[in-house]
Amino acid sequence: MSGLLIERTLGLAQLQDRGRFGTRHIGVTQGGALDWIAAAWANRLLGNAADCAVLEIPFGGVSLQCQQHSTLAITGADLQATLDGHALPNWQSFNVRPGQQLVFATAISGVRGYLSAPGGIDAPLVLNSRSTVRREQLGGLHGNGADLRAGDLLKIGRANPSPTKVPDLHRVTTSSASRLDLILGSQVALFSGASLFAAFNQPWRVDHRADRMGLRLCGPALRYQGPPIISEGIPLGAVQVPADGQPIILLNDRQTIGGYPRLGALTPASVARLAQFAAGETLWLRPIPLDRAIHEHRELLRTIVNTPLVRPD
């Protein structure tokens, strides 16, 4: 046996990669890392391909035993990670040896942390992705969407490069992302003027009802004044408004079609940042033009690929 042995888990940690694409016409959702930016940096720290599978760890509560020499990297939320009881800096890579214990305690900043390994964590490809989707019983360690359990072995590659870290400038936290950018949709003009003013000029509170499928916001009730809508395809980050007027932002494990009216959709970067918001935190929605959103997304991708990594202090 070699790799990372799961000793303890809350039942929330999952294997995720960039997601499953080209399948929504058959009703299969996207999946993939919710904070795709943190996951991308975790892979970049080890020189992995962008589609390598990582371990997504919501809220912490995970303990792993290292069973081989390797190099790992952690990014995303601060889960108070330790190696043999010694604190591990976030957003950087580090070497491990057999017998060491890697622990993710509880989140003190953000929600989801990401652990990468050389070559990605090994798992079967299902519809060209290793991403776990429980509802559809796809992906994950065993290919069937099952939860990771104590006793599962994560197979990883062997590497011992000199540790590197992500420059401080590119580490995203919830406090630096309280305004989330939204591309307006075709139905936005069918909301009342007062609702549109409220949507973009008042804060929203993140509700406790949140999972990988979607996240509810609490705030002023938005009023839709248009006709009923025929169900249509739903993009990542869609901000739909049900009858109670409280928006739901749809995430990676969302349904593939829906008939609620929508304000529009968050940009991919804003979806990633939303993944680090805990219940009770507040955010603001900010409309931006499509061309600006496309430009900023391309610049973000270039930054992740081209920014030089630095040596730890």
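Residues numbered from 1 in each chain as written. Predicted model: local features only at pLDDT ≥ 70, side-chain atom pairs only at ≥ 80, totals over all residues. Heavy atoms only, no water.

**Q** Quick question: what am I supposed to make of helix 2 (residues 193–201) here?
**A** Residues spaced three or four apart along an α-helix face the same direction, because each turn holds 3.6 residues. Among the residues of helix 2, Ser195, Ala198, Ala199 and Phe200 are the ones counted as buried. Against the buried residues of helix 2 lie strand 12 (179–184), strand 13 (204–210), strand 19 (262–266) and strand 20 (282–287). (Buried < 20%, exposed > 50% of the residue type's maximum accessible area, 1.4 Å probe, protein only. Helix = DSSP H or I, 4+ residues; strand = E, 2+ residues; numbered from the N terminus. Contact = heavy atoms within 4.5 Å.)

**Q** I keep staring at the sheet that holds strand 13 and nothing clicks. Help me out?
**A** Backbone hydrogen bonds are what pair the strands of a sheet, in a parallel or an antiparallel way. One closed barrel holds the 7 strands; their spatial order is 12-19-16-17-14-13-20, and the pairing between them is mixed. Averaged over all pairs of adjacent strands, the angle between their axes in this sheet comes to 40°, without regard to strand direction. Where strand 16 (residues 238–240) meets strand 17 (residues 248–250), 2 bridges bridge the pair, whose relative direction is antiparallel. Its bridge partner lying in strand 17, valine 239 is registered against isoleucine 249. In this fold helix 2 packs onto strand 12, strand 13, strand 19 and strand 20, with an angle of close to 120° to the strand it touches most, strand 20. (Pairing = 2+ DSSP bridges. Axes fitted to C-alpha atoms, helices over the stretch in contact; angles between N-to-C directions.)

**Q** Which parts of the structure should I look at to understand the side chain of aspartate 207?
**A** Topologically, aspartate 207 is positioned in strand 13. For aspartate 207, the side chain forms a polar contact with the side chain of arginine 209, separated by 2.7 Å. Aside from chain neighbours lying at most four places away, what touches aspartate 207 is Arg216, Cys218 and Ala279. (Polar contact = N/O pair within 3.5 Å; in protein donor to acceptor, adjacent residues only side chain to side chain.)

**Q** I keep staring at helix 4 (residues 290–306) and nothing clicks. Help me out?
**A** Taking 1.5 Å per residue, 17 residues should reach 24 Å; helix 4 reaches 24 Å between its end C-alpha atoms and fits that length. Within helix 4, burial applies to Ala293, Leu300 and Ile304. For helix 4, the angular spread of the buried residues around the axis is 30°, confining them to a single face. Across from the buried face of helix 4, at angles greater than 90 degrees, the exposed residues are Asp291, Arg298, Val305 and Asn306. Along its buried surface, helix 4 packs onto helix 1 (36–45), strand 12 and helix 3 (268–274). (Expected span 1.5 Å × (residues − 1). Arc of directions from axis to C-beta.)

**Q** Mind showing me how you'd approach the packing of helix 1 against helix 4 here?
**A** Packed helices, taken two at a time, are described by the angle between their axes plus the distance between the axes. It is the contact of helix 1 with helix 4, at a shortest axis distance of 9 Å, that shows an interaxial angle of 25°. By the angle between their axes, helix 1 is roughly parallel relative to helix 4. Between helix 1 and helix 4 lies a crossing whose hand is right-handed. Counting all contacts with helix 1, which are made through Trp36, Ile37, Ala40, Trp41 and Arg44, the residues of helix 4 involved are His297, Leu300, Leu301, Thr303, Ile304, Val305 and Asn306. (Parallel < 35°, antiparallel > 145°, perpendicular 65-115°, else oblique. Left-handed = near helix turned anticlockwise from the far one by under 90°.)

**Q** I tried to follow the pairing of strand 20 on my own but got confused; where do I start?
**A** One ladder, built from 4 bridges, connects strand 12 with strand 20; its direction is parallel. Looking across to strand 20, one finds that leucine 180 is bridged to leucine 285. In this sheet, strand 20 lies alongside strand 13 in antiparallel orientation, the contact comprising 2 bridges. When the sheet's bridge partners are listed, tryptophan 204 is paired in strand 20 with leucine 283.

**Q** Sorry if this is basic, but what is going on with the nonpolar core here?
**A** Considering soluble globular proteins, one finds that nonpolar side chains tend to be buried as a cluster. The biggest cluster of nonpolar side chains holds 42 residues, and the ones touching the most others in it are Ile37, Tyr114, Leu263, Leu266, Leu274 and Leu283. With 7 residues, helix 1 is the largest single contributor of residues to this core. (Core = buried A, V, L, I, M, F, W, Y, C linked by side-chain atoms within 4.5 Å.)

**Q** I tried to follow a nonpolar patch on the surface on my own but got confused; where do I start?
**A** Nonpolar side chains collect at one region of the surface, where Leu10, Leu12 and Phe59 lie side by side and expose about 280 Å² of accessible area between them. You can see leucine 12 is positioned in the loop between strand 1 (4–8) and strand 2 (14–16). (Patch = residues over 30% accessible without salt bridge, like charges linked within 9 Å, V, L, I, M, F, W, Y side chains within 5 Å. Areas by Shrake-Rupley, 256 points an atom, 1.4 Å probe, with all protein chains shown as cover. Salt bridge = Lys/Arg side-chain N within 4 Å of Asp/Glu carboxyl O.)

**Q** Would you take a moment to explain the pairing of strand 13 for this structure?
**A** Each regular strand carries side chains that alternate between the two faces of the sheet. Pairing of strand 13 with strand 14 (residues 214–218), which is carried by 3 bridges, proceeds in the antiparallel orientation. Looking at the pairing, arginine 205 lines up with cysteine 218 of strand 14. Hairpin connection between strand 13 and strand 14: a loop of 3 residues separates the two successive antiparallel strands.

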